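Observations on chain architecture
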There are 2 protein chains.
Amino acid sequence: MNGLAHFTAEEIKKARRYAIATPPPDLDPRIGALVHELIGRVADKWTMLVLEVLTEHGELRFTRLSEMVSGVSQKMLTQTLRHMERDGLLVRTVHPVVPPKVEYRLTGLGLTLGAAFCGVWVWASENLDEVEQARRTFDAR
Amino acid sequence: MNGLAHFTAEEIKKARRYAIATPPPDLDPRIGALVHELIGRVADKWTMLVLEVLTEHGELRFTRLSEMVSGVSQKMLTQTLRHMERDGLLVRTVHPVVPPKVEYRLTGLGLTLGAAFCGVWVWASENLDEVEQARRTFDAR
DNA sequence: TTCTATACTTACCAAAAGGAGAGTGTTGGA
DNA sequence: TCCAACACTCTCCTTTTGGTAAGTATAGAA
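Structure report, in brief. (Residues numbered from 1 in each chain as written. Chains lettered and ligands numbered in written order. Predicted model: local features only at pLDDT ≥ 70, side-chain atom pairs only at ≥ 80, totals over all residues. Heavy atoms only, no water.)

Remarks on the protein's contact with DNA strand C
For the record, the criterion: One heavy atom within 4 Å of a molecule or strand makes the whole residue count as near it. N or O atoms closer than or at 3.5 Å make up a polar contact, with two conditions inside protein: a donor-capable atom paired with an acceptor-capable one, and, for residues adjacent in sequence, both atoms drawn from side chains.
Near DNA strand C, the surroundings consist of 18 residues, among which Lys75(A), Thr63(B), Gln74(B), Arg92(B) and Tyr104(B) are the closest. Looking at DNA strand C alone, sugar and phosphate atoms form 56% of those within 4 Å of the protein. The contact in question runs from a phosphate oxygen of DNA strand C to an N or O atom on the side chain of Arg92(B), over 2.6 Å. At a separation of 2.5 Å, a phosphate oxygen of DNA strand C approaches a polar side-chain atom of Tyr104(B).

Here is the structure:
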């Protein structure tokens, strides 16, 4: 009745260390599509990095953020922050002073998303060697 | 000493429901870079969908996969499968018959990655409404 | 002999992503 | 008077992404 029947108990046990819940049954395919769109929007490179530094440092200004998110261009940082604000992941506070001062901090929603990505981050750091080994094997034909 | 000091206990408690571990301290920045590259490689649209259908259905042939991963082109499916094979996420079995028969199934590594993405999937399905509400509010200026 | 099934591969092309660098507005300080 | 500071915004351009459609190989069926 469950889709995991073709895996060994050992494999499933190991997988459970990463799982925080069983996959939702996802009755309505439209929900699936929306969820998938949302994941695509939210799972991109810069969003993940911004999530990470804001979780670590709380509230940051634009220039400070651009220093901490290594390699990001002004254009991409602005774009990413606007999307995240629109999705309710962070709040943008403008202080009407000269020179301008704008602060960004995560909302509760942003914080929980960061936590959800944590599992993927942990997986990646734990399995880095295994992936690299697989690549070497593959590349050697 | 921990970066979560600027959030309320309530927010952190909610976040913990998604977290399966605290973020790794990530001493070496090179590790961080590698992990990030790996996440970027692995977190893309088609990889996530292939992971999902293979977790659900076990072993599948190319044509069957292309039917189940809705919207994927032959080109992208081939490309995604090759990358996943190279990274050790799945095994590709070629049966030397005519017409050709090729089967794909996840490795243990692939299964654990699917589990790790589970948290993000759950977050997305649980918070879909809240994100859509935030967007409406934002778009209304 | 021609058709079908399967799993691709290749060529071509349009669209989207994303980087570099210059420009903007405001005010207090040298 | 001119410059610095900050948070962008805009334009131009290159790179990447991804879709469509056609081609390939092979053996058995019609």
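Anyway, onward from the coordinates.
Focus on the protein's contact with DNA strand D
Stated precisely, the cut-off is as follows: Put simply, DSSP H or I for four residues or longer makes a helix, DSSP E for two residues or longer makes a strand, and each gets a number counted from the N terminus. Classification convention: Asp, Glu, Lys, Arg as charged; Ala, Val, Leu, Ile, Met, Phe, Trp, Tyr, Cys, Pro as nonpolar; all other residues, Gly among them, as polar.
Around DNA strand D lies a shell of 17 residues, among which Thr63(A), Gln74(A), Arg92(A), Tyr104(A) and Lys75(B) are the nearest. Within 4 Å of the protein, the contacting atoms of DNA strand D are 63% sugar and phosphate, with bases supplying the remainder. Residue Thr63(A) places a side-chain N or O atom 2.6 Å away from a phosphate oxygen belonging to DNA strand D. Gln74(A) places a polar side-chain atom, nitrogen or oxygen, 2.6 Å from a base nitrogen of DNA strand D. Put simply, the parts of the chain that give the surface near DNA strand D at least two residues each are α4 (62-68), α5 (74-86) and β3 (101-106) of chain A together with α5 (74-86) of chain B. Classifying every residue of the surface near DNA strand D by side-chain character gives eight nonpolar, four polar and five charged.

Brief notes about the interface of chain A and chain B
We count it as follows: Contact criterion: two residues are considered in contact whenever any of their non-hydrogen atoms come within 4.5 Å of each other. Here, a salt bridge means any side-chain nitrogen of Lys or Arg that lies within 4 Å of a carboxyl oxygen of Asp or Glu.
Counting residues at the interface gives 65 residues for chain A, matched by 65 residues for chain B. On the surface where chain A and chain B come into contact, there are four salt bridges. The residue Arg86(A) makes a salt bridge to Asp139(B) at a minimum N-O spacing of 2.4 Å. Counting across the chain A and chain B interface gives 11 residue pairs in polar contact (both at pLDDT 80 or more). Within the residue set of the side of chain A that touches chain B, elements represented by two or more residues are α1 (9-16), α2 (29-42), α3 (45-57), α5 and α6 (108-139) of chain A.

Some words on the sheet that holds β3(A)
Residues and elements named next belong to chain A. Condition: Being paired, for any two strands, means DSSP has found at least two bridges between them. Here, axes are lines fitted to C-alpha atoms. For helices the fit covers the stretch in contact, and angles between N-to-C directions go from 0 to 180 degrees.
Taken in spatial order, the three strands line up as β1-β3-β2 in an open sheet, and their pairing is antiparallel. Two strands bound the open sheet, and with one partner strand each, they are β1 (59-61) and β2 (90-95). Averaged over neighbouring strand pairs, the angle between their axes works out to 25° when direction is ignored.

Some thoughts on α6(A)
Residue and element names in this part refer to chain A. Test applied: For a helix, the expected span equals 1.5 Å multiplied by the residue count minus one. Throughout, bend refers to the angle between the axes fitted to the seven residues that end at a position and the seven residues that start at it.
Compared with an ideal rise of 1.5 Å per residue, which puts 32 residues at 46 Å, α6 spans 44 Å between its outermost C-alpha atoms and is within 8% of the ideal. Remark: the principal bend of α6, roughly 60°, maps to Asn127. Positive phi appears at Arg141, one or two residues downstream of α6, with a value of about 70°.

A few points about the packing of α1(A) against helix α6 (residues 108-139) of chain B
Keep this limit in mind: With the far helix as reference, a near helix turned anticlockwise by less than a right angle produces a left-handed crossing, and one turned clockwise produces a right-handed crossing.
Their axes nearest at 8 Å, the elements α1(A) and α6(B) cross at an angle of 35°. Between α1(A) and α6(B) lies a crossing of right-handed hand. Across the interface between the two elements, Glu11(A), Ile12(A), Lys14(A) and Ala15(A) of α1(A) pack against Gly108(B), Leu111(B), Thr112(B) and Ala115(B) of α6(B). Residue classes in the contact of α1(A) with α6(B) are distributed as four nonpolar, two polar and two charged.

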